[in-house]
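# Summary of structural features
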Amino acid sequence: MTAADPSCLRNKRILVVEDEMLIALAYEDMLTGLGCVPIGPAPSVERALLLLDDQVPDAAILDGNLNGQLSTPVAQRLCDGNIPFLLVTGYETMATADPVLRQARRVSKPVNPRRLLIEMVEAFCAC
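Residues numbered from 1 in each chain as written. Predicted model: local features only at pLDDT ≥ 70, side-chain atom pairs only at ≥ 80, totals over all residues. Heavy atoms only, no water.

### A closer look at the state of the cysteines
What counts here: Note on terminology: disulfide denotes any pair of cysteine sulfur atoms within 2.5 Å. What counts as a helix is a DSSP run of H or I of at least four residues, what counts as a strand is a run of E of at least two, and both are numbered from the N terminus.
The full count for this structure, using the stated rule, is one disulfide. One disulfide in the model links Cys 8 with Cys 125; its S-S distance is 1.9 Å. Between Cys 8 and Cys 125 the sulfur-sulfur dihedral comes to about 85°; the bridge is accordingly right-handed. In this pair, Cys 8 is assigned in the segment before β1 (13–17) and Cys 125 in the segment after α6 (113–124), connecting sequence segments 117 residues apart. Cys 36 forms no disulfide, and the closest cysteine sulfur to it belongs to Cys 125, at a distance of 8.2 Å. Residue Cys 79 stays outside any disulfide, its sulfur separated by 18 Å from that of Cys 125, the closest cysteine.

### Details of the UniProt feature "modified residue: 4-aspartylphosphate" (unreviewed entry) in the protein chain
Selection rule: UniProt positions are given in the numbering used here, feature names are shortened, and annotations may be inferred rather than shown by experiment. Accessible area is worked out with a 1.4 Å probe on protein chains only. A residue is then buried under 20% of its type maximum, exposed over 50%, and partly exposed in between. A contact between two residues is defined here by any heavy atoms of the two lying within 4.5 Å.
According to UniProt, the positions carrying the feature "modified residue: 4-aspartylphosphate" (unreviewed entry) are Asp 63. Structurally, Asp 63 can be placed in strand β3 (residues 59–63). We classify Asp 63 as buried; its relative accessible area is 4%. Contacts of Asp 63, omitting those with residues within four sequence positions, involve Val 17, Glu 18, Asp 19, Ser 71, Leu 87, Val 88 and Lys 109.

Here it is as C-alpha cells:
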C-alpha cells in the first residue's frame, strides 16, 4: 500500500450510506477525525435519496447492499451528479451484476481502515 495524505479530505462533505449502524458510526468517527463533514448516515436507499435531494456532498461511502436492496439508485444519482463514491461491499457478485455498481471503485468488507483511507484519497481528491 502506498502512503496516503489525508489532508486533501479536510472539509469535504461525505455522505455515509450504510445500513449497519456500528459500521456507519465508525465511518463517521473516521471522517470527523480526518476533518471531513459526515452527512447521514443513511441506512436505506430511500433515506440516501432524500438526503441527496437536500444536500450535495463532495463524495460518498456507499454500502452495496442496504437491507437486501442494491444501492444502484443511489449510485446512479451520484454518477449523474459527478459525485465520486466508494462502493463498500461484502457481496462482490451482487455488485458486479449491476452495470452502475460494476464500474464503481470498490472496497471489500470487512473493511481495512488503511485501505479505505487510501481509496478515499485516490477517489475523492483527484484533480
